[in-house]
Amino acid sequence: MTKAQTPFLVVNPKSYLYGEKSLELAKAADKVAKETGIQIYFTCPFADIRYIKENTENIIVTAQHMDPLAPGRGMGHVLGESLKEAGAEAVFLNHAEHSLTISQLSATINRAKELGLIVIACADSVAEAVAISKLNPEILLAEPTELIGTGTVADDSYMVETIQKLHEANPDVLVMIASGVSTADDVYHILKLGADGTGATSGILNAPSPAGRIQEWADAVIKLQNEQREGKQYEII
């Protein structure tokens, strides 16, 4: 089973890309992951999971959702075993565009863990994030829903409070801050504040070169890692 590591990046094209276009970007992310050693999650439509898995080696192919059912009845639902068999190693749950109740989320996280899938669970407030952290997802994405796709990053106070409270609530959960992330500077700043990872949809897809944007993000991660190894101190306001 693949283990969630920090720092990490998430390339999340949602359903804007599919088929060959999705694979093209996945290959670019795969190249960056290979050259830098950074853990990169790549989401894609369900029908493309096997296609992308069979044509990449280093990214973590990530499903956009799954349901908690077991093999058997469940017409039209997303079976975790089918995702795993197709090559998915991680799954997003409770995204603002596909929200779940706490009971649904709990049941689905448990099923994902049975299958060895990394769970990236989403929350739209600090309070909800703290509650979801108790369900033990590997990664918790805490982002204000109103900032998704806006290009506006959450303010520092929100990020610092969220990161601190989640690490206190469950130190085993990696914290992802991602709303409004676009530039390499955004990535650098978010990780400098203590987040374990970040990612985006529009911040990558709207770039002049989406593949180049992924490389820029990875370069920002490497820059911060090098500074931290050298013992550079940061003032968090």
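### A word on the environment of His98
Turning to step 1, where the next piece is worked out: By secondary structure assignment, the location of His98 is in the loop between β4 (90-93) and α4 (102-114).
Turning to step 2, where the next piece is worked out: A C-alpha to C-alpha distance of 28 Å links His98 and Ile38, two positions 60 residues apart in sequence.

### Examining the pattern of salt bridges
Turning to step 1, where the next piece is worked out: Applying the stated criterion across every chain yields a total of eight salt bridges.
Turning to step 2, where the next piece is worked out: Measuring nitrogen to oxygen at the nearest pair gives 2.8 Å for the salt bridge that ties Glu97 to Lys14. On the criterion of sequence distance, the pair formed by Glu97 in the loop between β4 and α4 and Lys14 in the loop between β1 (8-11) and α1 (19-36) is long-range, its members being 83 residues apart.
Turning to step 3, where the next piece is worked out: In this structure Glu97 comes out as exposed when scored by relative accessible area, which is 58%.

### Brief notes about the nonpolar core
Nonpolar side chains in soluble globular proteins tend to be buried together.
Turning to step 1, where the next piece is worked out: Core analysis: the biggest nonpolar cluster contains 62 residues, and Ile40, Phe42, Ile59 and Met66 have the highest contact counts within it.
Turning to step 2, where the next piece is worked out: Those residues in contact with Ile59 that sit more than four places away from it in its chain are Ala26, Ala29, Asp30, Ala33, Ile40, Phe42, Ile52 and Glu89.
Turning to step 3, where the next piece is worked out: Counting residues in each nonpolar core, the second largest holds 14 residues, with Val10, Tyr41, Phe92 and Ile118 among its members.

What counts as what
Residues numbered from 1 in each chain as written. Predicted model: local features only at pLDDT ≥ 70, side-chain atom pairs only at ≥ 80, totals over all residues. Heavy atoms only, no water. Helix = DSSP H or I, 4+ residues; strand = E, 2+ residues; numbered from the N terminus. Salt bridge = Lys/Arg side-chain N within 4 Å of Asp/Glu carboxyl O. Buried < 20%, exposed > 50% of the residue type's maximum accessible area, 1.4 Å probe, protein only. Core = buried A, V, L, I, M, F, W, Y, C linked by side-chain atoms within 4.5 Å. Contact = heavy atoms within 4.5 Å.

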